[in-house]
Amino acid sequence: MQAIDTAIGLLKDERKALILKEVNLHTRIYLGDLANTLKVSEDTIRRDINDLAEEGQVIKIRGGVMSKAYHHASSLQETYAHQSKRTIAEKTLSLLKDGMFILIGGGTTIRELVKLIPNDLKATFITVNPLTAVELMDKPNLEIILIGGQISRYSQMSVGGEVYQRLSELKADLCIMGTNAIDSREGLTDSDWETVQAKKAMIKASAKIAILAISEKMNTVMRMKIADVSQIDYLVTELPADSSLLTPYRTGITQFL
């Protein structure tokens, strides 16, 4: 994330609106990161998040906060930037081919993609996200493999040494995942150690990498690095492939959808 200079001196409702936007944009955020971004104390952030949670706008997790749209019971129509994510999902369909061995992550954009997968597609999907596995079950011709383990409350992914070992034994044709932040110089980043390790293992286990991200996540940075943009084969956004906003990324990424 990037510091919001205007956060100093904001009224409480204005600060809560900024918090809600950051949470919806990045899906999950630690309290300390929000405090640094808005330049206020963690106690102030905690009180604001308690208010937002009581209002039903966010979900509190240990040490941080999660977007309501990321919860398994949420409707996709509640998702932040829903139409942009739908556009990204439609573009990503062109990467899916019969017979592929696909490693897939989780998140609201992935949920949009899963909903659009044709019923006649015959492929194998491997995931560390239990919710993704359940949603893939609606597709009659897919083989689905869930790599299980301890579930991170931050990312809702299976994490830990056994999960990373299982991933190291795979070689998928394609890895499809979302990201909380992407920058042309800093690459893909996140704020959670276990999430970073799981995504690193997914990238290493795949021949091609497709990153799905709304354009608002571009030029943002979180505290832990997952990968350089040069490791990405496809960047899928809602923008036209020739958009000037993608120019800084063109030296590293092979293809834009």
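Residues numbered from 1 in each chain as written. Predicted model: local features only at pLDDT ≥ 70, side-chain atom pairs only at ≥ 80, totals over all residues. Heavy atoms only, no water.

- As recorded by an unreviewed UniProt entry, the chain carries the name DeoR/GlpR family DNA-binding transcription regulator and is attributed to Spirosoma soli.

Some remarks on the UniProt feature "domain: HTH deoR-type" (unreviewed entry) in the chain
Inference 1: The UniProt entry lists residues 12–67 under the feature "domain: HTH deoR-type" (unreviewed entry), expressed in the numbering used here.
Inference 2: Here residues 12–67 is 64% helix and 20% strand, with 19 Å between the C-alpha atoms at its ends. (UniProt positions renumbered as here; feature names shortened; annotations may be inferred. Helix = DSSP H or I, 4+ residues; strand = E, 2+ residues; numbered from the N terminus.)

Description of the sheet that holds strand 13 (residues 224–227)
Inference 1: Pairing is antiparallel across the open sheet formed by three strands, whose spatial order is 10-11-13. Among the strands making up the open sheet, the edge pair consists of strand 10 (181–183) and strand 13. Each strand of the sheet is rotated relative to its neighbour by a mean of 40°, with strand direction disregarded.
Inference 2: In the sheet, strand 11 (residues 187–190) pairs with strand 13 via three bridges, with the strands oriented antiparallel. Looking across to strand 13, one finds that threonine 189 is bridged to lysine 225.
Inference 3: Along the sheet, helix 8 (residues 193–204) contacts strand 11 and strand 13; its crossing angle with strand 13, the most-contacted strand, is approximately 15°. (Pairing = 2+ DSSP bridges. Axes fitted to C-alpha atoms, helices over the stretch in contact; angles between N-to-C directions. Contact = heavy atoms within 4.5 Å.)

Re the sheet that holds strand 2 (residues 58–61)
Inference 1: In spatial order, the strands read 1-3-2; together these three strands make up an open sheet with antiparallel pairing. The sheet is open, and its two borders are formed by strand 1 (28–30) and strand 2, each paired with just one other strand. In this sheet, adjacent strand axes meet at a mean angle of 25° when their direction is disregarded.
Inference 2: In this structure, strand 2 lies alongside strand 3 (residues 64–67), joined through four bridges in antiparallel fashion. Considered in strand 3, the bridge of valine 58 is made with serine 67.
Inference 3: Running at roughly 80° to strand 1, helix 2 (residues 31–38) makes contact with strand 1 and strand 3 of the sheet.

Re the pattern of salt bridges
Inference 1: Counted according to the given criterion, the structure contains eight salt bridges.
Inference 2: With its nearest N and O atoms 3.1 Å apart, the salt bridge here joins aspartate 43 to arginine 46. Here aspartate 43 and its partner arginine 46 are both found in helix 3 (residues 42–54), three residues apart, which amounts to about one turn of the helix.
Inference 3: Notably, a salt bridge pairs arginine 111 with glutamate 135, separated by 3.1 Å at the nearest N-O pair. Taken together, the positions of arginine 111 in helix 5 (residues 108–116) and glutamate 135 in helix 6 (residues 130–136) put the pair 24 residues apart, joining distant regions of the chain. (Salt bridge = Lys/Arg side-chain N within 4 Å of Asp/Glu carboxyl O.)

Considering the side chain of aspartate 192
Inference 1: One can find aspartate 192 in the loop between strand 11 and helix 8.
Inference 2: Within the structure, aspartate 192 has its side chain in polar contact with the side chain of threonine 195 (distance 2.8 Å).
Inference 3: Residue contacts for aspartate 192: discarding those within four places in its chain leaves Tyr30, Ser152, Tyr154 and Met224. (Polar contact = N/O pair within 3.5 Å; in protein donor to acceptor, adjacent residues only side chain to side chain.)

Description of the environment of leucine 167
Inference 1: Relative to the helices and strands, leucine 167 resides in helix 7 (residues 161–168).
Inference 2: A relative accessible area of 0% places leucine 167 in the buried class.
Inference 3: Between the C-alpha atoms of leucine 167 and serine 191, which are 24 residues apart in sequence, the distance is 21 Å.
Inference 4: Not counting chain neighbours up to four residues away, the residues in contact with leucine 167 comprise Leu103, Val128, Ile147, Ala198, Ala201, Met202 and Ala205. (Buried < 20%, exposed > 50% of the residue type's maximum accessible area, 1.4 Å probe, protein only.)

Notes on the environment of alanine 123
Inference 1: By the element assignment, alanine 123 lies in strand 5 (residues 123–127).
Inference 2: You can call alanine 123 buried: its relative accessible area is 5%.
Inference 3: Through-space distance from the C-alpha of alanine 123 to that of serine 67 is 31 Å; in sequence the pair is 56 residues apart.
Inference 4: If near-sequence neighbours (up to four positions away) are discounted, alanine 123 is found in contact with Lys97, Gly99, Met100, Ile102, Asn141, Leu142 and Glu143.

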